Amino acid sequence: MDVSPAPDAVEAVRSLLRAAVAVPGGLVVLTGAGMSAESGIPTFRDAMTGLWSRFDPSDLASEEGFRADPVRVWDWYAQRRDGVRAAEPNAGHQALGGLHRRHPGAMLLVTQNVDNLHQRGGVPGTIRLHGDILADQWLQPCARRPACGPHSAAPGRPPRCADCGNLVRPGVVWFGEMLPAAAIEAAEQAARRCRVMLVVGTSGAVWPAAGLAGRARREGATVVIVNPEPSEIDDEAHHVLRGTAAVMLPRLLEGI
Ligand code: BJW
């Protein structure tokens, strides 16, 4: 395994990427929270610092946690939604957007991120494994017929249906919830078929997304990780480049 951002290591990965984008679906890029860190959005573990440091992630990003203290969880998401709305795609997002424009159909971008920075950075077909933090949904399916609509949510922390009392929650995938079936199936199929999987800015601690790199490797793809720190899936990689997304991706993708 090559753990170095040395020029020859970067050049070796650039050669792999150049060959991968010559083939439809040849490249899969899997991103995590580190992808958006240089846009000012804290990584998931960073987000547990400061005001929220005394809470366990599973108390904030789970249905049990939301039911136990809806105000606390709603406020945490409200603060993060403000951060996402204020953020701009960074040079790493832009580099992926440029690659998509130059090689339409060659790259499939799969993200665990709940922000919209890949789409705004120029990759509209990004597969979102963990949902969309700016979307609202009812906590439980509405049992009424006709069903209560979004208009019946009365403002609050969180908003509550004025007709049936149902709560509004963010449209993300919490711990213990199934990922959107179409999204994880498309990601797994792409991982099986690609020639190169480029994994950027994820700790590799959360499943089933963490299993995609191993899946790609077992099917014969070359796996490249970009991360300034060790991750839990470094052993799946043929190349590990220690660097940040906004620095490494433009360097890797320029001119390809
Ligand atoms: C930089 C950087 C820079 C910094 N540039 N890099 C198998 C084994 C064990 C457990 C399980 C298993 N399968 C399923 C589970 C349970 C669970 C799970 O994985 N638990 C683990 C904690 C062990 N998974 C689930 O529950 C999933 N559902 C599921 O499996 O359904 C089936 C099922 C149901 C019931 C029972 C059993 C199975 C759902 C997972 C949903 C994850 N949701 C969250 C919250 C989304 C909403 C929100 O944002 O609030 O998704 S959790 C959180 O983690 C978020 C992220 O998308 C996800 C991954 O985190 P990510 O992106 O890796 O971020 P970080 O912060 O961890 O790491 C950042 C990285 O960036 C670091 O490495 C830095 O070094 C790096 N970095 N700056 C590049 N500038």
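Structure: above.
Cut-off values and rules
- Residues numbered from 1 in each chain as written.
- Predicted model: local features only at pLDDT ≥ 70, side-chain atom pairs only at ≥ 80, totals over all residues.
- Heavy atoms only, no water.
- Phe/Tyr/Trp six-rings, centres within 6.5 Å; stacked < 30°, edge-to-face > 60°.
- Helix = DSSP H or I, 4+ residues; strand = E, 2+ residues; numbered from the N terminus.
- Buried < 20%, exposed > 50% of the residue type's maximum accessible area, 1.4 Å probe, protein only.
- Axes fitted to C-alpha atoms, helices over the stretch in contact; angles between N-to-C directions.
- Parallel < 35°, antiparallel > 145°, perpendicular 65-115°, else oblique.
- Left-handed = near helix turned anticlockwise from the far one by under 90°.
- Contact = heavy atoms within 4.5 Å.
- Nonpolar A, V, L, I, M, F, W, Y, C, P; charged D, E, K, R; others polar.
- Core = buried A, V, L, I, M, F, W, Y, C linked by side-chain atoms within 4.5 Å.
- Pairing = 2+ DSSP bridges.

A. A look at the packing of aromatic side chains. One pass over the full model with this rule turns up 4 aromatic pairs. Look at F44 and W76: their rings are 6.1 Å apart centre to centre, the planes differ by 80°, and that puts the pair in the edge-to-face class. One end of the pair, F44, is in the loop between β2 (27-31) and α2 (57-60); the other, W76, is in helix α4 (residues 70-86), with 32 residues separating them in the sequence. Each ring, one from W76 and one from Y77, has its centre 4.9 Å from the other, and the planes form 75°; the classification is edge-to-face. The pair W76 / Y77 is uniform in exposure class, with both members buried. Here the aromatic cluster, defined as three or more aromatic residues joined through ring pairs, consists of F44, F66, W76, Y77 and W174.

B. Inspection of the packing of helix α5 (residues 91-102) against helix α9 (residues 245-253) at higher detail. Close contact between α5 and α9 brings their axes to 7 Å; oriented N to C, the two are set at 25°. On the basis of the axis angle, α5 is roughly parallel to α9. When the axes of α5 and α9 are compared, the crossing they make is left-handed. Residues A91, G92, A95, L96, L99 and R102 of α5 form the contact with α9, whose own contacting residues are A245, A246, L249, P250 and L253. Among the residues making up the contact of α5 with α9, the classes are represented as 9 nonpolar, 1 polar and 1 charged.

C. Structural detail: the nonpolar core. Core analysis: the biggest nonpolar cluster contains 28 residues, and L17, L27, L96, L198, L249 and L252 have the highest contact counts within it. Of all the secondary structure elements, the ones that give two or more residues to this core are α1 (7-20), β2, α5, β3 (107-111), β9 (196-200), β10 (222-226) and α9. If we ignore the near neighbours within four places in the chain, the residues touching L27 are L17, A20, V21, L99, A106, M107, L108, C194, V196 and L198. Judged by nonpolar contacts, the second largest core, of 26 residues, contains V28, A183, A187 and L212.

D. Spotlight on the pairing of β3. Of all 5 residues in β3, 4 are buried, a share of seventy percent or more. Where β3 meets strand β4 (residues 127-128), 2 bridges bridge the pair, whose relative direction is parallel. Counted as the bridge partner of V110 is I127 from β4.

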